[in-house]
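Analysis of the macromolecular model
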Amino acid sequence: MPTGLRFDETQGQSATATMGAETVAYRASRDISYVMMPVDPIQRLNVFVPEAYFHGGTVNGYQRVTAPIFMPNTVGGYLPGPRDFPENPDAFSRGDTIVRALQRGYVVVSAGLRGRTSTDGQGQNTGKAPAFIVDMKAAVRYVKFNAGWLPGNPERIITNGTSAGGATSALMGASGNADFFETRLQELGAAPATDDIFAVSAYCPIHNLEHADAAYEWQFKGINQWHRQKVRVENGRKICTPVHGRLTPNEQRLSPELSAAFPAYLNGLALTDQAGNPLTLDAAGEGSFKTQIIHELLASAQHALDAGQDVTKYAGVIVKGHTVTRIDWPQYLRAITRMKSVPAFDALAVNNPENDLFGSRLTAARHFTSFAQKHTTVPAQLADADLIAAVNPLTYLLKKQSQVAPHWRIRHGAADRDTSFAIPMILATKLRNQGYDVDFAMPWATPHSGDYDLPELFDWIDQLCQ
Ligand code: DHB
């Protein structure tokens, strides 16, 4: 048994943090290696435990052995996601989430995960896919291996993340104990334990990358202007500059081709609504699946209207009295605007973050769709099909060769254009169809972001764990 991975609570340091009106006392154990043979200094984790649990106390009805274990990641853009801590001044940090979780009585474990730009110092890449998920699994195995030593209930692990981090969280939930990762986990000296989890919190998960280009054009075809923010970090702060552009004639030609491929994929998933009716699309991209998305948006707008928001700030939202009667799909999409060019993810010049993610030890970037490979504008390879599939949560829901988390909370803002609405909708629907417990919503006027409703997220966790 690798005793080097044994958690030692006596190493913890006591501290306090204040958020809102509440100060929480906690004990921090930092910079713990979660594998025996790390390949990158980022492969360490921090453990934060409400101080009360070291004195036989309770917080929010939880005790040392019953507290949920909340595992937020800081992955963004599929870049390396460092371990986090309360009052961390770095731009990537979600230290406030950690403090709020501690106030609710959760044990928080924040693991650093390799990302697409990780290298070994000799120019070789060490963080290309599937490194991010291998590391997250190794961190979960560390926690489960330390059942009884590490405070909290290892049967109540909840992962959390936003965007690429949301995809990481969703993939954790879908791929529990999947064979694909076993050799890689062994090579790192991961703890001998399982990596299936209890619940997933995923905000705007940028996942299902091999179908995201088609889904994007299915949604945005005909809209030829794009608008996005260029983000850079200066002195630990994010600085955003707006960038605008127009699809080139070639991109405008490719858009309907990609869009035309989407219905066949969607129909092959055999999704149904809650009453058992098929959710499908015809060759023109029309049908009950699209109606279902519009229905979600309408419910979201109604919820916002009921709360006093002016939902007509977005064109295409039709309100009569106190009722949102209709969402005009083309008008609404023009109002939220297109963000990405064509293809949205698998760039023909292999210069998108996702191309970089699918690089290899010696290759900076690769394609991950046969469409972009066929149209490539630079010499480039196509990543292995089994790798592409292995980092897509949907793969596991279709193949049923993993232990899927029973509980899911998925949020995707109604103003989010980083991926098509179809992508989170497919995930939530497939999970529901397979009988998993799914709380899915598309919060109104909410852009690509996460952790914006922590009280509700934590209420959801409490209702599952208390
Ligand atoms: C993220 C956003 C994207 O638009 C994308 O393509 C990949 C990752 C992110 O914010 O993590």
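Residues numbered from 1 in each chain as written. Predicted model: local features only at pLDDT ≥ 70, side-chain atom pairs only at ≥ 80, totals over all residues. Heavy atoms only, no water.

By the naming in an unreviewed UniProt entry, the protein chain is Subtype B tannase, taken from Levilactobacillus lanxiensis.

Quick word on the overall build of the protein chain
A count of helical and extended segments in the protein chain gives 14 helices and 13 strands. Here the C-alpha atoms of the protein chain give a radius of gyration of 22 Å, agreeing with the 23 Å that 2.2 N^0.38 yields for 466 residues. Across its three principal directions, the C-alpha atoms of the protein chain cover 60 × 55 × 45 Å. In the protein chain, the proportion of contacts linking residues at least 24 apart, taken out of those at least 6 apart, comes to 72%. Accessible area of the protein chain: about 18,700 Å², with a carbon and sulfur share of 50%. Measuring between centres, the 42 positive side-chain charges of the protein chain sit 4 Å from its 45 negative side-chain charges. (Helix = DSSP H or I, 4+ residues; strand = E, 2+ residues; numbered from the N terminus. Rg over C-alpha atoms; globule rule 2.2 N^0.38 Å. Contact = heavy atoms within 4.5 Å. Areas by Shrake-Rupley, 256 points an atom, 1.4 Å probe, with all protein chains shown as cover. Lys, Arg positive; Asp, Glu negative; His and termini not counted. Charge placed at Lys NZ, Arg CZ, Asp CG, Glu CD.)

Things to note about the packing of aromatic side chains
This model, assessed by the stated rule, comprises 20 aromatic pairs. Look at Trp-218 and Phe-262: their rings are 5.3 Å apart centre to centre, the planes differ by 35°, and that puts the pair in the tilted class. Here Trp-218 is found in helix H5 (residues 209-220), whereas its partner Phe-262 is found in helix H6 (residues 249-268), with 44 residues between them in sequence. Neither Trp-218 nor Phe-262 differs from the other in exposure class; each is buried. Geometrically, the ring pair formed by Tyr-314 and Tyr-332 is tilted, given 5.8 Å between the ring centres and 55° between the ring planes. You can see Tyr-314 sitting in the loop between helix H7 (288-306) and strand E10 (317-320) and its partner Tyr-332 sitting in helix H8 (residues 329-336), a full 18 residues away along the chain. Judged by its relative accessible area of 18%, Tyr-314 is buried. Assessed through its relative accessible area of 0%, Tyr-332 is described here as buried. Site record: aromatic cluster; members linked through ring pairs are Trp-218, Phe-262, Tyr-265, Phe-289, Trp-329 and Phe-421. The residue whose ring lies beneath Arg-30 is Phe-85, and the NZ or CZ to ring-centre distance is 4.2 Å. (Phe/Tyr/Trp six-rings, centres within 6.5 Å; stacked < 30°, edge-to-face > 60°. Buried < 20%, exposed > 50% of the residue type's maximum accessible area, 1.4 Å probe, protein only. Lys NZ or Arg CZ within 6 Å of the ring centre and 35° of its normal.)

Digging into helix H13 (residues 422-433)
Along its 12 residues, H13 runs 16 Å from first to last C-alpha, staying within 8% of the 16 Å computed at 1.5 Å per residue. Along H13, 10 of the 12 residues are buried, which leaves the element largely enclosed by surrounding structure. Of all the residues in H13, the buried ones are Ala-422, Ile-423, Pro-424, Met-425, Ile-426, Leu-427, Ala-428, Thr-429, Lys-430 and Leu-431. (Expected span 1.5 Å × (residues − 1).)

Topic: the layout of surface pockets
Size it by volume and the second largest pocket reaches roughly 420 Å³. Along the walls of the second largest pocket sit 21 residues, with Arg-114, Thr-126, Lys-128, Pro-130 and Arg-184 positioned nearest its centre. Mapped by element, the contributors of at least two residues to the lining of the second largest pocket are helix H2 (131-145), helix H4 (182-188) and helix H11 (385-390). With three residues, the single largest contributor to the lining of the second largest pocket is H4. (1 Å grid on protein atoms, 1.4 Å probe; cavity = no way out; pocket = protein on both sides within 12 Å on 5 of 7 lines; lining within 4 Å. Points joined across faces, edges and corners; volume = space filled by probe spheres on them.)

Thoughts on empty space enclosed by the protein
Applying the stated criterion across every chain, the model contains one cavity of 30 Å³ or more. Empty space within the largest cavity amounts to approximately 30 Å³. Of the residues contributing to the lining of the largest cavity, the split by class is four nonpolar, three polar and one charged. (Nonpolar A, V, L, I, M, F, W, Y, C, P; charged D, E, K, R; others polar.)

Quick look at the confidence of the model for the protein chain
Atom-level detail of predicted coordinates should not be read off regions where pLDDT is low. Of all residues in the protein chain, 99% attain a pLDDT of 70 or more, and the chain-wide mean is 97. Scored as a complex, the prediction yields pTM 0.98 and ipTM 0.99. (pLDDT = per-residue confidence, 0-100.)

Quick notes on the site of the ligand
Taken together, Gly-76, Gly-77, Ser-163, Ala-164, Ile-206, Lys-340, Phe-345, Glu-354, Asp-418 and His-448 form the complete shell of residues around the ligand. Contact distances for the ligand include 2.5 Å between an oxygen atom and a backbone N or O atom of Gly-77. Here an oxygen atom of the ligand and a side-chain polar atom of His-448 are 3.4 Å apart. Here the ligand loses 84% of its free accessible area of 290 Å² to cover by the protein chains. (Near = heavy atom within 4 Å. Polar contact = N/O pair within 3.5 Å; in protein donor to acceptor, adjacent residues only side chain to side chain.)

Notes on the packing of H7 against H13
Relative orientation of the contacting elements H7 and H13 amounts to 95°, with a least axis distance of 11 Å. Between H7 and H13, the angle falls in the class roughly perpendicular. Listed contacts from H13 to Phe-289, Gln-292, Ile-293 and Glu-296 of H7 are Ala-422, Met-425 and Ile-426. Looking at the contact of H7 with H13, its residues break down into five nonpolar, one polar and one charged. (Axes fitted to C-alpha atoms, helices over the stretch in contact; angles between N-to-C directions. Parallel < 35°, antiparallel > 145°, perpendicular 65-115°, else oblique.)

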